[in-house]
Amino acid sequence: MAAVLLGGLVVPAVGCQQGCTETALEVSPVTVSRTDAPLTVSARLGAAGKPLGGVRVKLVVTLLDRRATAAEALRYATTDQDGVATATWPEGIAGLAPPDHRVTGYAAYYQPLEKVDGRAYCWSAASAPISCDTGGGAGPCGFGEPGEPTR
């Protein structure tokens, strides 16, 4: 699957399975100013040019350790009437990322298991980066590389 950057939104280029209506998730890059502030991510789900409300979306924050081994923190959220699903981690990046881990981004997944209002919808996904700007410019959130300050 390829992703396309359009005006700050990361939108997947997803093919549709036969017999289902194509869906599209849109996410935006997130920049936090304090690592201890709540971290909120969101995604907008649409189908046939209209928002798709009342369905469950998985929102996943990606963490990497120094060996680039990935871990995830996930939440499920139901889309509102505008097709927006939102998840918040009140502990922020500082509480979410264990020592020696870095938050790199997040992804949204719509994985329909049943029809919605009698219509079958296709699977879709999108991802975007998360960065920290604690006064020295935006960059990775977490441990610092040699010579790079920890954010």
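For the structure, see preceding data.
Residues numbered from 1 in each chain as written. Predicted model: local features only at pLDDT ≥ 70, side-chain atom pairs only at ≥ 80, totals over all residues. Heavy atoms only, no water.

Participant: An account of the packing of aromatic side chains is needed here, citing residue identities and associated values.
Facilitator: Applying the stated criterion across every chain yields a total of 1 aromatic pair. A centroid spacing of 6.4 Å and a plane angle of 40° characterise the contact between Y109 and W123, whose relative ring orientation is tilted. Here W123 lies in the loop between β10 (101–110) and β11 (124–132) and Y109 lies in strand β10, a separation of 14 residues in the sequence. In this arrangement the basic side chain of R56 is found over the ring face of Y76, its NZ or CZ atom lying 3.9 Å from the centre. One Lys or Arg, K58, reaches over the ring of Y109 and ends 5.4 Å from the middle of that ring. (Phe/Tyr/Trp six-rings, centres within 6.5 Å; stacked < 30°, edge-to-face > 60°. Helix = DSSP H or I, 4+ residues; strand = E, 2+ residues; numbered from the N terminus. Lys NZ or Arg CZ within 6 Å of the ring centre and 35° of its normal.)

Participant: Which residues make up the nonpolar core, and what values do they have?
Facilitator: The biggest cluster of nonpolar side chains holds 34 residues, and the ones touching the most others in it are L39, L59, V61 and I130. Broken down by secondary-structure element, the contributors of at least two residues to this core are β4 (30–32), β5 (39–47), β7 (56–65), β8 (70–78), β9 (84–89), α1 (92–96), β10 and β11. Of all the elements, β5 adds the most residues to this core, at 5 residues. Sequence-distant contacts of I130, that is, excluding residues within four places in its chain, are made with V30, L39, V41, V61, I93, V103, T104, G105, Y106 and C141. (Core = buried A, V, L, I, M, F, W, Y, C linked by side-chain atoms within 4.5 Å. Buried < 20%, exposed > 50% of the residue type's maximum accessible area, 1.4 Å probe, protein only. Contact = heavy atoms within 4.5 Å.)

Participant: Tell me about the state of the cysteines, residues and numbers included.
Facilitator: Note on terminology: disulfide describes a covalent bond linking the sulfur atoms of two cysteines. Under the criterion given, the structure shown has 2 disulfides. For C20, the disulfide goes to C122, at an S-S distance of 2.0 Å. Given an S-S torsion of about 100°, the disulfide between C20 and C122 has right-handed geometry. On the criterion of sequence distance, the pair formed by C20 in the loop between β2 (9–13) and β3 (23–26) and C122 in the loop between β10 and β11 is long-range, its members being 102 residues apart. (Disulfide = S-S within 2.5 Å.)

Participant: Requested: an account of the pattern of salt bridges, with residues and values cited.
Facilitator: Applying the stated criterion across every chain, the model contains 2 salt bridges. Here R66 ties to D100 by a salt bridge, and the two come within 2.5 Å at their closest N and O atoms. Of this pair, R66 sits in the loop between β7 and β8 while D100 sits in the loop between α1 and β10, and the two are 34 residues apart along the sequence. The class of R66 is partly exposed, set by a relative accessible area of 47%. (Salt bridge = Lys/Arg side-chain N within 4 Å of Asp/Glu carboxyl O.)

Participant: Explain unusual backbone geometry to me, using residue names and the numbers behind them.
Facilitator: Phi is mostly negative for residues that are not glycine, and the peptide bonds are mostly trans. The backbone of A48 shows a phi angle near 55°, a positive value even though the residue is not glycine. Relative to the helices and strands, A48 resides in the loop between β5 and β6 (50–51). Even without glycine at this site, D117 takes up a positive phi of about 50°. Tracing the backbone shows D117 in the loop between β10 and β11. By relative accessible area, D117 is classed as exposed at 82%.

Participant: Provide a residue-level description of the pairing of β8, including the pertinent values.
Facilitator: Pairing analysis gives 9 bridges linking β7 to β8, with the strands arranged antiparallel. Of the residues in β8, the one forming a bridge with V60 is L74. Between β7 and β8, which pair antiparallel and follow one another directly, the connecting turn spans 4 residues, one of which, A68, has a positive phi of 70°. (Pairing = 2+ DSSP bridges.)

Participant: I'd like a rundown of the side chain of S124, residues and numbers included.
Facilitator: Here S124 lies in strand β11. Looking at S124, its side chain comes within polar contact range of the side chain of T23, at 2.8 Å. Not counting the four nearest positions on each side in its chain, S124 is found in contact with T23, A24, L25, L45, A108, Y109 and Y110. (Polar contact = N/O pair within 3.5 Å; in protein donor to acceptor, adjacent residues only side chain to side chain.)

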